[in-house]
Structures are given as C-alpha cells and as structure tokens.
Amino acid sequence: MSQSQTPLYSALVEMAKRPHYSMHVPGHKNGTVFPNTGKQLFKDILTIDMTEITGLDDLHQPEGIIERAQHLATEWFRTRASYFLVGGSTSGNLAMILAAQKKGRPFLVQRNSHKSIIHALELSGSKPIFISPQYEEKYERFTGVHKEDIKKALNMHPSVSGIILTYPDYYGRTTHMKEIIDLAHSYNVPVLVDEAHGVHFSLSYPLIPKSSLDLGADVVVQSAHKMAPAMTMGAYLHLNSDRVDRREIIHYLQVFQSSSPSYPILASLDLARYFLATYSKEDLQTSIDWIAKLRSSLSNGLLWTLVPLEEGVDDPFKLTLRIHDEVDPKIVASYLEKEGLYPELVENQHILFTLALTPHYSTDQLKSIFRKVESKLKTKLEFNRATMERVTSPVLERIQSNPYSYHELDSMNQEFVHWQDSIGRVASASVTPYPPGIPLIMKGERIQREHIDRIVDLVRQDKHIQTNEPFYQKGMHVYIERE
C-alpha cells in the first residue's frame, strides 16, 4: 500500500457522501439530531462520527479499513505492529505496562514519569523501583536518567519486568537512550518508552532527535495529537520486538480502550500518519527557517533568555524562555494570554511553547506580541524582587523503592494530616502539578521535607494541581503503618 493512501479517512468520507439512513448509534444520526446551539460548528465532523457498521471495521478486531490504516502506520514507523489509540497515550501506557508485567517482578521506572505510568504500576500491584533523573544545572531542570544509574539498579535487581522511560522530556530534550536500551537488552530486559512528545522523531532528519523506536526500544507509545496534526486523544502504540507478548498487548488494549471508539479520532490518526509520511525535506527546511526567525526575534528579551538548542538532542519544535529571576513567569504568561498567545507550560522560571510542524503564524505578528508584553511589563515594573522565592523540585535518592507494594497498600487504613506533619509518612494519593502531569508526590511514596517545601510553594503560587485530596492546600491523607 502507498503511504499517500488514507484508507480509514477515505472510507468514512465516502460513507458520508452516500444516502444514509441511520438506524444505529450514535444518537445524533450523522448530525441530523443535534441542538441548534452547536449544530453549525459540529455539522461537518458529525457526518463521519460513525460506528462499527458494515464496511467500517472494528478497532478490537480489525480486518478492514482500520487494519489497512494500522498496517500503513506499521510500515511508516518501521515496527512489528502499530496500533491506534483513542484514549491518548494514557491508554497505551496502561496497556504496555500491564502486558509486560511478570508476576512478582518489579519495574525500574524513571522517577519523573507521567501520572499514567504511575497509575499503570498501581494497577499492576507491583513494587516499583524508581530511578531519579539527572539535574542539569545549565538548564535548571531535571532531564532523563543516566546509564550508570540503570546499570546499578539492574545489578541490585536483575530480575525485573522491564524498564520504563520517558523520552523526550516535556521540553523536548533527549538523553542517551541507545546506551540504556543496549544495556537493558544485555540483561534481556525490555524497554518501554513513553514518547508522548516525540511522534515527529519518526521523520528521521538530522535536525530532529532519533525516535526511541529507531534506537531499539521494545514498546513505544506516542501522542499523535501533541506534535502531529491528530485530534486530541489520538495516539499510537508501537510494538518493536518479541520481548513483550503481542497477544498481551492486544488484550490490554481491549481492556483499556472503548468498544465504541471515536471514528473522527481514528480518521485523524490515519491522516497524521499520512502527514508525516508525505512531509518532505523542503517542508522541514521551511519550518526550520521559520523557527530560526522566531527564535532570533526572541533572543534578546528584556525579561528573559532564550534557552539554546543542541542539534540532535533538543526538539527544534519546542521553544523555551528562561524568565529572569526577578520576574514572576506567571505574570509574563498572563500578559501573553491577554494578547491571545497561550503557552504550553509555565514551570519554575521557564515558559515553554510548542510549535507546529509547519509555520502556523506570522513571525512578525508573534514578535509584535512579545515586544508589546515586554513593554507593558517594563513600564508597570511587574517584578517580585521582594517576594520571589526560588524553590526547586526535590532532589531524591538515585535509586528509590517504595516501602510497600500497591497490593500491600490496599489493606492499610488512612488518616488526614497537615503538610508539616506528613514528613516521613506514606502518601495515600498522588499530588500532580498539571501540566506537565508528572507526580510531585506519588501514591505509596514516603514524603520528604523537600516534597513539602515544593508543594507549599505550588499552593502559594495557586498552581493547578491534580489530586483526589479535597483539602490539599492544608495537607493530605497518609497511610497508617503497623508498628
């Protein structure tokens, strides 16, 4: 099959064109039954919001257009099998970890993983061994794990179900993944990678870091909707070796994915693969030139420093401003948002912007917005010299194991304590600043003083925090340990 084909999307469009009397779900009947308030906006997409009728295949048992679309993805990404996900990378992370688990064996896990990784570990009931990431002083943030820490952990725990890594990090920075994969495979241990922000690494151009798929990872999950033009919740799971049983992957994809998947999301995954497969060197050069012009216009900011890119290591489609210490980055972000420019992430003194694979705005227009915000802030002197207090993320042990397995935690009672009284106790819930969705405190983790300093700082800054604790501003529930 040609990569210029879009079998799933094309079949839906053809179905929408034919006379169609919907006597099946969904209830909007191809958009004919819909509230007038939203009908104009939704009418086009509703015509392809179908279900598993004759000719439209079945995501859980694909034998037609979905199978052909997934086969094209398998060819493009050069994998043994690629699967469409309609529940985001979250559903893929859950499936790959449950599929790889070997009863009684822990996982080695990168500490700064997305919360979906932690949720999968909880569902598995395992007792994970966390590997803390390295802190890069130059960029003032945590990045990936180092090979030597993985080697030490493997020597301590040679019989593990797998190694779970994140690549690239939220800022688009990569690590020495090939060395870690080769090391893991020398122990016959599979490497599972949350590559949510790296679907475009499949383009295989020198300016873009290599995908962990090309570096030999065994199972890789990519959020197509983050960096490729897919609809939100569209993602891929790629199987790249036989170290993880394909039948187990398929089983858990059925467990964690809806039996009534969104056909518009499925179609957008077909189109996202098509977009990547037909993306040329000329397209890349046009984008790189646009990015270079944008970066040049921001390089000499009055309130920030542009974080430099390292070719082949940093994703060129991520742009990070390091806000000066005396300036509150939340204020800078709020002024940008007043001008209609919404950043991806505001964290510590960094503001992150995610760029598209093709130029999507005028650089002059963007430059004008940034300069306008600079001028306003400089005039109003929106600085916090007296109140700004830098609190970094906690520095933890290089190799850290939770005191109890998740199965053991199920039988333990809980009590609520104030933050200052929680030090040394075992957290009964995760506390996750969002974005980036990386737990600051994990369920089952022993709380440290550094955790409290950071969480109090986040609460003071009114950061958005995901947790099932209703009074997280004051404290959280912890487990009552037996004497």
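A short tour of the structure in this document, coming up. Note that the structure is a prediction, hence the values are computed from the model and not measured.

With that out of the way, let us pick up the pairing of strand S8 (residues 219–222). Burial along S8 is two-sided: Val219 and Val221 facing one way and Val220 and Gln222 facing the other are all buried. Inspection of the sheet shows strand S7 (residues 191–194) paired to S8 by 3 bridges, in the parallel sense. Counted as the bridge partner of leucine 192 is valine 219 from S8. Where S8 meets strand S9 (residues 235–239), 4 bridges bridge the pair, whose relative direction is antiparallel.

A separate point is the environment of valine 25. Summarising the element assignment, valine 25 is placed in the loop between helix H1 (7–17) and helix H2 (36–46). Taking C-alpha positions, valine 25 is 26 Å from serine 89, a pair spaced 64 residues apart along the chain.

Going through the model one piece at a time under the given rule, you end up with 10 aromatic pairs. Seen in terms of ring centroids, tryptophan 304 and phenylalanine 370 are 5.7 Å apart; in terms of plane orientation they differ by 75 degrees. Their pairing is edge-to-face. Here the residue tryptophan 304 occupies a position in strand S10 (residues 304–306), and phenylalanine 370 occupies one in helix H13 (residues 363–380), the gap between them amounting to 66 residues. A residue is classified by how much of its surface remains accessible, and tryptophan 304, at 2% relative accessible area, is buried. According to the relative accessible area criterion, phenylalanine 370 is buried, its value standing at 3%. Here the aromatic residues Trp76, Phe77, Phe84 and Tyr236 are joined through ring pairs into a cluster of three or more. Seen from the ring of tyrosine 171, arginine 141 lies directly overhead, with NZ or CZ sitting 4.1 Å from the centre. Residue placement shows lysine 338 over the ring face of tyrosine 335; its charged tip is 4.5 Å from the ring centre.

To continue, consider the environment of tyrosine 167. Mapping tyrosine 167 onto the fold places it in the loop between strand S6 (162–166) and helix H7 (177–186). Setting aside residues up to four positions removed in sequence, tyrosine 167 forms contacts with Thr174, Thr175, Met177, Val193, Asp194, Glu195, Phe201, Pro209, Lys210, Ser211, Ser212 and Leu215. Polar contacts involving the side chain of tyrosine 167 include one to the main-chain carbonyl oxygen of lysine 210, which spans 2.6 Å.

Among the secondary structure elements, aspartate 270 is positioned in helix H10 (residues 263–277). A relative accessible area of 0% places aspartate 270 in the buried class. Reaching out from aspartate 270, the side chain makes a polar contact with the backbone nitrogen of leucine 8 at a distance of 2.9 Å. With residues up to four places along the chain from it excluded, the contact list for aspartate 270 reads Thr6, Pro7, Leu8, Tyr9, Ala69 and Phe84.

All right, on to the pattern of salt bridges then. As enumerated under the stated definition, the model contains 20 salt bridges in all. One salt bridge connects lysine 17 with glutamate 14, and the closest N-O pair in it is separated by 3.8 Å. Highlighted residues: lysine 17 and glutamate 14, both in helix H1, separated by 3 residues, approximately one helical turn. Judged by relative accessible area, which is 62%, lysine 17 ranks as exposed.

Calculation criteria
- Residues numbered from 1 in each chain as written.
- Predicted model: local features only at pLDDT ≥ 70, side-chain atom pairs only at ≥ 80, totals over all residues.
- Heavy atoms only, no water.
- Buried < 20%, exposed > 50% of the residue type's maximum accessible area, 1.4 Å probe, protein only.
- Helix = DSSP H or I, 4+ residues; strand = E, 2+ residues; numbered from the N terminus.
- Pairing = 2+ DSSP bridges.
- Phe/Tyr/Trp six-rings, centres within 6.5 Å; stacked < 30°, edge-to-face > 60°.
- Lys NZ or Arg CZ within 6 Å of the ring centre and 35° of its normal.
- Contact = heavy atoms within 4.5 Å.
- Polar contact = N/O pair within 3.5 Å; in protein donor to acceptor, adjacent residues only side chain to side chain.
- Salt bridge = Lys/Arg side-chain N within 4 Å of Asp/Glu carboxyl O.

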